[in-house]
Amino acid sequence: MKTELIIRSNSSDIDFALLKDGKLTALNKETNGNKFSVGDIFLARIGKVLSGLNASFVNVGYEKDGFLHYQDLGAQLLSLNKFIKGISTGKIKDYTLNNFQLEKDIDKHGSIVDVLKTGQNSLVQIVKEPISTKGPRMSSEISIAGRYMVLVPFSERVSVSQKITDLQEKERLKRLVKSIKPKGFGVIIRTVAVNKKVAELDRDIQNSLERWVVMCKKVRSVKTQQTPIKVLSELNRASSILRDLFNDSFTNIVTNDEVLFLEIKEYLQEIAPKKESIVKLYESTVPIFEKYGIERQIKTSFGKTVSMSKGAYLVIEHTEALHVIDVNSGNRSNKALSQADTALEVNLISASEVARQLQLRDMGGIIVVDFIDMHTAEHRQKLYDHLKAEMAFDRTKHKILPPTKFGLIQITRQRVRPEMVIKTQEPNPSGSGEVEAPIVLLDTINAELNKHIASKKNKKIVLNVHPFIAAYLKKGIPSIQQRWFAKHKKWIKILPRDAYQYLRFDFTNSKGEIIK
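As the structure is a computational prediction, the values presented were derived from the model and not from experiment.

Quick notes on the rules
- Residues numbered from 1 in each chain as written.
- Predicted model: local features only at pLDDT ≥ 70, side-chain atom pairs only at ≥ 80, totals over all residues.
- Heavy atoms only, no water.
- Pairing = 2+ DSSP bridges.
- Helix = DSSP H or I, 4+ residues; strand = E, 2+ residues; numbered from the N terminus.
- Axes fitted to C-alpha atoms, helices over the stretch in contact; angles between N-to-C directions.
- Contact = heavy atoms within 4.5 Å.
- Expected span 1.5 Å × (residues − 1).
- Phe/Tyr/Trp six-rings, centres within 6.5 Å; stacked < 30°, edge-to-face > 60°.
- Buried < 20%, exposed > 50% of the residue type's maximum accessible area, 1.4 Å probe, protein only.
- Salt bridge = Lys/Arg side-chain N within 4 Å of Asp/Glu carboxyl O.
- Core = buried A, V, L, I, M, F, W, Y, C linked by side-chain atoms within 4.5 Å.

Focus: the sheet that holds strand E26 (residues 505-508)
One key point about sheets: their strands pair by backbone hydrogen bonds, in either a parallel or an antiparallel sense.
Move 1: The sheet built from three strands is open, its strands ordered E25-E24-E26 with mixed pairing. Looking along the sheet, the strands with just one partner apiece sit at the ends: strand E25 (493-496) and E26. This sheet shows a mean twist of 25° between the axes of neighbouring strands, independent of strand direction.
Move 2: With four bridges joining them, strand E24 (residues 462-465) and E25 adopt parallel strand pairing. In the sheet register, Val-465 faces E25, and the bridge partner there is Pro-496.
Move 3: Seen against the sheet, helix H11 (residues 467-474) touches E24 and E25 and runs at an angle of roughly 150° to E25.

Remarks on helix H8 (residues 339-361)
Move 1: A rise of 1.5 Å per residue sets the reference length of H8, with its 23 residues, at 33 Å; its end C-alpha atoms lie 32 Å apart and thus fit the reference within 8%.
Move 2: Residue Asp-362 follows H8 closely and has a positive phi angle near 55°.

Considerations on the packing of aromatic side chains
Centre distance and the angle of the planes are the two values used to describe a pair of aromatic rings.
Move 1: As enumerated under the stated definition, the model contains 13 aromatic pairs in all.
Move 2: Aromatic side chains Phe-36 and Phe-42 sit 5.7 Å apart centroid to centroid with 10° between the ring planes, which places their arrangement in the stacked category. Both residues of the pair, Phe-36 and Phe-42, belong to the buried class.
Move 3: The interplanar angle of 70° and the centroid separation of 5.6 Å between the aromatic rings of Phe-83 and Phe-154 together place this pair among those described as edge-to-face. Highlighted residues: Phe-83 in helix H1 (residues 77-89) and Phe-154 in the loop between strand E10 (149-153) and strand E11 (158-160), separated in sequence by 71 residues.
Move 4: On the basis of relative accessible area, Phe-83 is assigned to the buried category, the value being 0%.
Move 5: Accessibility expressed as a relative area gives 4% for Phe-154, which makes it buried.

Re the pattern of salt bridges
Move 1: Using the criterion set out here, one finds 20 salt bridges in the structure.
Move 2: Of the charged contacts, one joins Asp-13 and Lys-29 as a salt bridge, the two residues approaching to 3.9 Å between their closest N and O atoms. Residue Asp-13 is found in strand E2 (residues 13-20), and its partner Lys-29 is found in strand E3 (residues 23-31); the two are separated by 16 residues along the sequence.
Move 3: The class of Asp-13 is buried, set by a relative accessible area of 13%.
Move 4: Across the pair Asp-15 and Lys-29 runs a salt bridge whose closest N-O atoms are separated by 2.8 Å.

Some thoughts on the nonpolar core
Move 1: Membership of the largest hydrophobic core comes to 38 residues, with the highest contact counts inside it found for Phe-83, Leu-123, Ile-189, Leu-201 and Trp-212.
Move 2: Sorting the residues of this core by element identifies strand E4 (41-50), H1, E10, E11, helix H2 (167-180), strand E12 (185-189), helix H3 (198-221) and strand E13 (229-232) as the ones contributing at least two each.
Move 3: A per-element tally of this core places H3 first, with seven residues.
Move 4: The residues contacting Leu-201, other than those within four sequence positions of it, are Tyr-148, Met-149, Leu-173, Leu-176, Val-177, Ile-180, Ala-193 and Lys-196.

Things to note about the side chain of His-488
Move 1: On the secondary structure map, His-488 appears in helix H12 (residues 480-488).
Move 2: Filtering out sequence-adjacent residues up to four positions away, His-488 remains in contact with Leu-449, Asn-450 and Ile-453.

Notes on the sheet that holds strand E18 (residues 322-328)
Move 1: With mixed pairing, the six strands of this open sheet are ordered in space as E16-E17-E18-E19-E21-E20. A strand with exactly one partner marks an edge of an open sheet, and here the two such strands are strand E16 (305-307) and strand E20 (398-400). Averaged over all neighbouring strand pairs, the angle between strand axes comes to 20°, with direction disregarded.
Move 2: Pairing geometry for E18 and strand E19 (residues 365-370), over five bridges, is parallel. Looking at the pairing, Val-324 lines up with Val-368 of E19.

Structural data, given as structure tokens:
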């Protein structure tokens, strides 16, 4: 598999597109001046402490206060507060925790009013960005993510990612990390640490430890009246994507921003010096997302209807409580397959696209997928296993339930930042209202044309469309019409129809009859 990261920068924000074998699988946006990203750490002021909710509101400088539940305080809250107070007063000058005496853990089933007071300063980390009318979700269980490991202060525990299934490798990593981890810090070993040598692991721990020390120095310099204040920022989105996803499959990292280009090269020199040459600065006059076919994929992937191969398509609906995805076979037919086999084939194709859509749109919460009914337990199990395999590459925490007898599969996916929503409709040139972008219509026309060509029933095929679409299909050298001829060895006549609405099209035969 070939993986590419294409980064488009402009004055207001930066867009990150992740391509796998040319197909868009993830799209992220970083807005300049965004002060509230997952992983950011704040020295914040505790607001109202609500015993009824067993939670507290936290002032982090956002228009809506953050929310901190008792279960997110972390067992070592008293140690954290003691350490921060010691730093602020200058009593603690050794930030490595080598000589720090830990306090006892807080009661797992205790009350927040016993451990937090309104107006006190506390160290908190963002675990969920502000979404809609809600402020950020906070945690007092601080962690600093590195490439191979996550450093957890005030703990001695070493744990390994559940995605590492090789027991021998798990034991090897645990043994190595226990020998190099700093005193007073726990470590979570990430999936990408597999087969890494002790020198690489140690360097990663030291980098995270340096970030911890920098944060402590920032806390020391903050005056009480200055809170809330950010004391440690998560890496910029480009570096965090590379930290979490980068592997040997990356063949290209391209950006149109020279500053970003230099930053990425510098970061790759640290984590993968042999791959530094894959970073390129894009300088063409053609927009970077146009060059790599990303704009087209955005238009066809973010609408209510998503087309797939074999004529199948998804319909994605959003409600207040959940997301609903309906699988449709469309005009899919294959005489070589039974009805049950056809349903399974369409469902497997759809499962792959559903997994892609969840990551692409960053959909969270409850997702219900209505697959085509399957009457055999074997086919339902095959679909379930396939969907789990496709979702295995999704870094966001999720859970998939087995399909019901009605063909429904329920998925829960953690929501940590706002869903990616892109408007794909455009003003209707034929009148009022809006219609799908032309590029979406073209994909539908292509699918229909492929079906009619494959049937070999009609020697002559004529495409009847709105004049705007006809002009677009004939424009340029080679035009889309000429490409069809090169591909199918058949000339498709295009007939502009003034009476047609913008989205209507029909294929007709030599007698002028509409081909179904």
